[in-house]
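# Observations on the model geometry
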Amino acid sequence: MTSHTSSDDSKYGFATRAIRAGQEFDPTTGAIIPPIYQTSTFVQDGVGGLRGGYEYGRSGNPTRASLETLLASLERAKHGVAFSSGLAAEDALLRSTLSAGDHIVLGNDVYGGTHRLINRIHVPNGIELTTVEMADEDAVRAAIRPNTKVLWVETPSNPLMKITDVAALAAIGHEAGATVVVDNTFASPALQQPLELGADVVVHSTTKYIGGHSDALGGAVLTSDDELADKVKFIQFAAGAILAPMEAWLTVRGIKTLAIRMERHSRSAQAVAEHFVGHPEVVAVHYPGLADHPGHDIAARQMSAFGGMLSIELRGGADAAKAFVERTELFQLAESLGGVESLIGLPAEMTHASVKGTPLEVSPAIVRLSVGIEEVADLIADLEQALPR
Ligand SMILES: Cc1ncc(COP(=O)(O)O)c(C=O)c1O
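This paragraph deals with the nonpolar core. Counting 105 residues, the largest nonpolar core has Leu 151, Val 181, Val 221, Leu 310 and Val 367 as the members making the most contacts within it. It is helix H10 (residues 258–276) that contributes the most residues to this core, seven residues altogether. Residues contacting Val 181, with those up to four places away along its chain left out, are Leu 93, Val 150, Leu 151, Trp 152, Ala 199, Asp 200, Val 201 and Val 203.

The full set close to the ligand counts 16 residues, and Ser 85, Gly 86, Leu 87, Tyr 111 and Ser 205 are the nearest of them. Of all the elements in the fold, those that place two or more residues in the shell around the ligand are helix H3 (86–97) and helix H4 (112–122). Looking at side-chain class alone, the shell around the ligand contains four nonpolar, ten polar and two charged residues.

What follows is about H4. Along H4, the residues classified as buried are Gly 112, Thr 114, His 115 and Ile 118. Projection of H4 onto a plane perpendicular to its axis shows the buried side chains occupying an angular sector of 165 degrees, all on one side. Tucked inside the fold, the buried residues of H4 contact H3, strand E2 (103–107), strand E3 (128–132) and strand E5 (179–183).

Another aspect to go through is unusual backbone geometry. Cis geometry is adopted by the peptide bond preceding Pro 156, which originates at Thr 155 and carries an omega value of -5 degrees. With respect to the helices and strands, Pro 156 occurs in the loop between strand E4 (148–154) and helix H6 (166–175). Between Asn 158 and Pro 159 the backbone carries a cis peptide bond, its omega angle lying at 15 degrees. The phi angle at Arg 76 is positive, at roughly 55 degrees, despite the residue not being glycine. A residue is classified by how many C-beta atoms lie within 10 Å of it, and Arg 76, with 18 of them, is partly exposed.

When pLDDT is averaged along the protein chain, the result is 95, and 98% of the positions lie at 70 or above. Taken together, the stretch residues 1–6 has pLDDT below 50 and engages in 21 contacts with residues farther than four places along the chain or on a different chain.

Right, let's get into the environment of Lys 322. Relative to the assigned elements, Lys 322 resides in helix H12 (residues 317–327). Classification of Lys 322 by C-beta neighbours within 10 Å gives partly exposed; the count is 19. The spatial distance from the C-alpha of Lys 322 to the C-alpha of Leu 93 is 36 Å, given a sequence separation of 229 residues.

With that out of the way, let us pick up the pairing of E5. Of all five residues in E5, five are buried, a share of seventy percent or more. A two-sided burial pattern is seen for E5, the buried positions comprising Thr 179, Val 181 and Asp 183 on one face and Val 180 and Val 182 on the other. The pairing of E4 with E5 spans five bridges and is classified as parallel. Bridge assignment links Val 150 to a residue of E5, and that residue is Thr 179. One crossover worth recording links E4 to the parallel E5 by way of H6, and it is right-handed. Relative to strand E6 (residues 201–205), E5 runs parallel, the two being bridged by three bridges. Across the sheet, the residue bridging to Asp 183 is Val 203, located in E6.

About the cut-offs
Residues numbered from 1 in each chain as written. Predicted model: local features only at pLDDT ≥ 70, side-chain atom pairs only at ≥ 80, totals over all residues. Core = buried A, V, L, I, M, F, W, Y, C linked by C-beta atoms within 7 Å. Buried ≥ 20, exposed ≤ 12 C-beta atoms within 10 Å, placed from the backbone. Helix = DSSP H or I, 4+ residues; strand = E, 2+ residues; numbered from the N terminus. Contact = placed C-beta atoms within 7 Å. Near = placed C-beta within 6 Å. Nonpolar A, V, L, I, M, F, W, Y, C, P; charged D, E, K, R; others polar. Arc of directions from axis to C-beta. pLDDT = per-residue confidence, 0-100. Pairing = 2+ DSSP bridges. Right-handed = clockwise from strand over helix to strand, strands pointing away.

The structure is reproduced here in structure tokens:
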């Protein structure tokens, strides 16, 4: 197994690291872009004579390593491990931190697939699960048991954009001897760096903002805890959920524009959110950039901008919401988020269908918007024309 630690790029600002960290030009040809090492294995100079530590594509690949170094640099982590999807990364992290008989406290507004993974795969294997309002510190403290090993939070959360104070949560978790995990998919490291706020480990679906172009699935675990990183790497090596070289290369390419994309996503989402405040067809707008959002002050402290995701609740209820998401033209109806193109979705029937009947169930009147980087006036006009009247 090769280890990919962040290099001495740490002195540079975020946008510089996003372009340069782990991205050395090809020493043979001078090609400025490191090549895609589309190979399954590596020739050895005699038995055990590995060139650059590479042996076989499951244990390591230079293209994947360049992404891991880059992601570690962006999250200010010592170690990065890139997986075939966000859920594969989550699964390896859960296996690394929990054994049968252990307890996990999970935010009650996380991606439905995260809840499904824990509830349907890990709970039957002996893990105890409590879901809780993570923004409520008393509720989190009350949920902790002697066998609590992990606190797992998404902030902003999905789809209600709830904000959790990561530093406060980390303090609660550490007091209890638990590992504090932050799913940083919605903010991306461009807007929020949870390890700097005290979290132990960050998990990402790089499929979203990090890749940014809706063309590659992926996931990552980032941590500065050597022992935890070794466990995660071993599980990946042993179970095989690696990121393929082509996907790693596409993700690296996407990351180069992450800083400016997140600025634009955030500006446009703010404009869309403000447009719907007080709108006659809308009863609630959930966006942390609005001053009356319950998590606004914490978000303003721990994020550099408020991100590109928001949700709105339609006055007309479930039927109005369904008709709305089927009538937009620029906002395309699809699962996922975080690409340059705007997406619209009905969480109750799509991303969160798997949590129906659980405490995480989402109102069918809620519409989730992933605001892309098109002309914001076009986006607002598109949403307006699609509203039920
Ligand atoms: C916040 C969040 N975390 C994790 C995931 C899972 O990632 P993936 O779809 O790459 O497995 C998603 C996917 O939608 C997500 O929105």
